Amino acid sequence: MPELPEVETIARSLREGNAGQPSILQYRILRVELRWPRTLVIPQLAVLSPVLKSRIIAGISRRGKFLVFDLDGITMLIHLRMSGDMLVRDWDSPIEKHNRLILWLRGEGGNCQLVFNDPRKFGRVWVTNQPAYLLDTLGPEPLEESLTPAVFHGMLTGRQRQLKPLLLDQTFLAGLGNIYTDEALHLAKLHPLRNAGGLSKQESTRLLSAIRKVLSEGIRRNGASIDWVYRGGEYQNHFRVYGREGQPCLMCGTIITRQLVGQRGTHICEKCQKHPGAY
DNA sequence: ATAAACGCCTGACGGC
DNA sequence: TGCCGTCAGGCGTTTA
């Protein structure tokens, strides 16, 4: 489910607590159970428990779509992929069907479980003292001020690639997924099949603004919740194009279409977002 | 360098 | 009701 705003929302709620659920910062890991072996990338299963046990959760943050747990000397990275979620449960909650990793924690707000729940089993966990090996492969954070319009335009120039697949490439820019990419492209009035290297300075600046606007709006609304995966976000009620095929564009009334771009379902207003071949 | 095809997984939904 | 195909907020590997 998660793109940048959803991962940010999860990191924030674990870090700061919400609705009767305490922050798990400074909580200590007492017990570890991995329920689906392939979820763990590193280290080997046999050393996971010894490495994690008695560690303190010193920090919780986000980089791209990765959750970053600073465990005071070692880092746990979690990627939720399509269906993952991180939940805080009571200490003695029964293990649920799709729980893949459970950490039992002791802390001031009471003992609890930190659960990685992931129906489709695509999610992955890394426990490492070299998190940069992974995180340094990511492109810049879209909301960082150091990503100026000039820098962004420079990243695009020379690229010979369809715009949408490039935006989805995490080594180009970190955090966009299928929903927010469609939303940003519509807001920027750019067709997903445009050649990324062909954007004018004005267009790339418009695109960067649109990306920031949809991500910020997503964060402000606690992310989006769809189908059977629900976490209390409400951005899904404010989509401009995603999931709105057959419905009128909110800007011009043209019917939104859905087509495949780079193997991904893509929602477009053909009038607002002129096809590269159109004139 | 770019892009397609496919694999990894489970569950929801629509059509018959 | 049951069965079937299709689709899903992601990404790595292989192939062209």
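Everything discussed here concerns the structure shown above.
For every chain, the first residue of its written sequence is number 1, and the numbers climb from 1 along that sequence. By the order in which they are written, chains take letters starting at A while ligands take numbers starting at 1. Local features in a predicted model are, by the rule used here, given only for residues with pLDDT of at least 70; side-chain atom pairs are given and counted only at 80 or more, and totals for whole chains, interfaces and linings are based on all residues. Hydrogens and water molecules were not included; the side-chain quantities draw on all heavy atoms of the structure.

Caption draft 1: Representation of the protein's contact with DNA strand B. In these notes, residues near a molecule or strand are those with any non-hydrogen atom within 4 Å of it. Taken together, 15 residues lie near DNA strand B, and His98, Arg120, Lys121, Gln160 and Arg161 sit nearest. The share of sugar and phosphate among atoms of DNA strand B within 4 Å of the protein is 73%. The contact in question runs from a phosphate oxygen of DNA strand B to an N or O atom on the side chain of Arg38, over 3.1 Å. The term polar contact refers here to a pair of N or O atoms within 3.5 Å; inside protein, the definition further demands a hydrogen-donor-capable atom paired with an acceptor-capable atom, and it admits residues adjacent in sequence only when both atoms are side-chain atoms. Arg161 is positioned with one of its side-chain polar atoms (N or O) 3.0 Å from a phosphate oxygen of DNA strand B. Residues of the surface near DNA strand B, tallied by class, amount to four nonpolar, five polar and six charged. All amino acids are sorted into three groups, where Ala, Val, Leu, Ile, Met, Phe, Trp, Tyr, Cys and Pro are nonpolar, Asp, Glu, Lys and Arg are charged, and the leftover types, Gly among them, are polar.

Caption draft 2: Main features of the packing of aromatic side chains. Only Phe, Tyr and Trp rings take part, Trp by its six-membered ring, and two of them pair if their centres are within 6.5 Å. Stacked means planes under 30 degrees apart, edge-to-face means over 60, and tilted covers everything else. Under the counting rule described, the total for this entry stands at five aromatic pairs. When the ring of Phe152 is compared with that of Phe172, the centres are 6.3 Å apart and the planes differ by 50°; the resulting orientation is tilted. Residue Phe152 is found in helix H4 (residues 149–156), and its partner Phe172 is found in the loop between helix H5 (163–168) and helix H6 (178–187); the two are separated by 20 residues along the sequence. Side by side, Phe152 and Phe172 carry an identical accessibility label, which is buried. Residues Tyr180 and Tyr235 carry aromatic rings whose centres are separated by 5.4 Å and whose planes lie at 5° to one another, so their mutual orientation is stacked. On the criterion of sequence distance, the pair formed by Tyr180 in helix H6 and Tyr235 in the loop between helix H7 (201–220) and strand S10 (257–261) is long-range, its members being 55 residues apart. Comment: elements are numbered from the N terminus, with helices defined as DSSP H or I runs of at least four residues and strands as E runs of at least two. Note on classification: 1.4 Å probe, protein chains only; a residue is buried when its accessible area is under 20% of the maximum for its type, exposed when over 50%, partly exposed between these limits.

Caption draft 3: Expanded view of unusual backbone geometry. In the segment running from Ile42 into Pro43, the intervening peptide bond is cis, with an omega of 0°. Mapped onto the elements, Pro43 comes out in the loop between strand S2 (40–42) and helix H2 (45–52). In the Ramachandran plot, Lys189 falls in the positive-phi region, its phi being about 55° despite a non-glycine side chain. Along the chain, the position of Lys189 falls in the loop between H6 and H7. Residue class for Lys189 comes out partly exposed when judged on its relative accessible area of 38%. Phi at Gln263 is positive, roughly 70°, even though this residue is not glycine.

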